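# Working through the structure, step by step
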Amino acid sequence: MKEEESNIMKAIILDVDGTLWDTTGVVAEAWMQAASELMIPPDTPITADRLKQEFGKPMDEIAANLFPTLSESQRALVMESCCEYEEFYLENAREHLLFDGVKETILTLSQNYAVCIVSNCQKGYIELFLKKTGLENAITDFECFGNTGLSKGENIRLLMERAQITDAVYVGDTKGDADACTFAGIPFIFAEYGFGSPTHYAHKITRFPELLEYPF
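Heads up: these notes are all about the structure in this document. Keep in mind it's a predicted model, so treat the numbers as computed, not measured.

### Things to note about the pattern of salt bridges
On inspection of all chains with the given rule, the structure shows ten salt bridges. A salt bridge links Lys 10 to Asp 167, with the nearest nitrogen and oxygen atoms 2.8 Å apart. Taken together, the residues span a long stretch of sequence, with Lys 10 in strand β1 (residues 10–14) and Asp 167 in strand β4 (residues 167–172) at a distance of 157 residues. By relative accessible area, which is 34% here, Lys 10 ends up partly exposed. Exposure remark for Asp 167: the relative accessible area of 34% places this residue in the partly exposed category. Between Lys 152 and Asp 15 there is a salt bridge; the shortest N-O distance is 3.2 Å.

Printed below as a string of structure tokens:
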């Protein structure tokens with residue numbers, strides 16, 4: 001992560017899953033392995049398509065949807081195991097997970113703007129993303145549900161206050177992202193190629209590099 005800068009005026013805040021990369025195939029395999037070893041079957045098989053419906057939600061909500069018959073404490077234990085397997089699978093994945101042009105576009109944008117990440121993911125996931133993609137030095141700051149327990153809208157506000165950001169847009173792919181932007185009071189750019197289909201947004205992109213043409 002970059003050294004903290006003061007008086008940052010403009011920022012591009014990014015979602016991860018469905019916006020920067022698609023890990024659903026790898027994660028589905030990892031979570032099914034974890035559930036199998038714990039001998040706890042999910043409500044329905046965990047597939048990439050199923051995860052595309054869940055990603056973007058807070059981890060506790062995903063756990064409730066996948067394992068509805070378990071208690072809250074049991075879900076927490078299962079998800080802890082799932083995340084451990086997920087980290088191992090992602091670290092060793094050889095698949096190309098990034099959407100086209102993501103790395104190059106972020107490197108270009110970071111020359112003129114503060115590029116940040118806010119996600120509903122677990123603690124350590126953004127760090128893994130940055131390590132795997134080599135984008136550590138391009139990202140000014142990041143925050144997630146796993147660190148704070150806060151909603152995405154609250155985490156957007158938290159990050160903006162911490163980094164002294166007064167002008168920002170958020171790029172994401174779900175209705176939850178759109179709602180978070182409404183809460184935080186910033187424009188939402190819809191990544192149409194992602195997992196969701198929100199109906200309200202300030203701008204839409206069909207490919208991530210189109211951000212280079214956006215009039216920030």
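The rest of the description comes next.
### Considering the environment of Ala 180
Here Ala 180 lies in helix α9 (residues 175–184). Taking C-alpha positions, Ala 180 is 24 Å from Ala 76, a pair spaced 104 residues apart along the chain.

### Focus on the sheet that holds strand β2 (residues 114–119)
Read across the open sheet, the six strands follow the order β3-β2-β1-β4-β5-β6; overall the sheet is parallel. Because the sheet does not close on itself, it has two edges, and the strands there are β3 (141–144) and β6 (203–205). Here the strands of the sheet are splayed against their neighbours by 20° on average, with no regard to which way each runs. Pairing between β4 and strand β5 (residues 188–191): three bridges, direction parallel. Looking across to β5, one finds that Val 171 is bridged to Ile 189.

### Concerning the pairing of β3
If a strand is regular, its side chains alternate between the two faces of the sheet. Taking every second residue as pointing to the same face, both faces of β3 are buried, with Asp 141 and Glu 143 on one and Phe 142 and Cys 144 on the other. Two strands pair when backbone bridges link them, and β2 and β3 are joined in this way by four bridges, in the parallel orientation. The partner of Ile 117 across the bridge, within β3, is Phe 142. On the question of chirality, the crossover connecting β2 to the parallel β3 by way of helix α6 (residues 125–133) is right-handed.

The rules behind each value
Residues numbered from 1 in each chain as written. Predicted model: local features only at pLDDT ≥ 70, side-chain atom pairs only at ≥ 80, totals over all residues. Heavy atoms only, no water. Salt bridge = Lys/Arg side-chain N within 4 Å of Asp/Glu carboxyl O. Helix = DSSP H or I, 4+ residues; strand = E, 2+ residues; numbered from the N terminus. Buried < 20%, exposed > 50% of the residue type's maximum accessible area, 1.4 Å probe, protein only. Pairing = 2+ DSSP bridges. Axes fitted to C-alpha atoms, helices over the stretch in contact; angles between N-to-C directions. Right-handed = clockwise from strand over helix to strand, strands pointing away.

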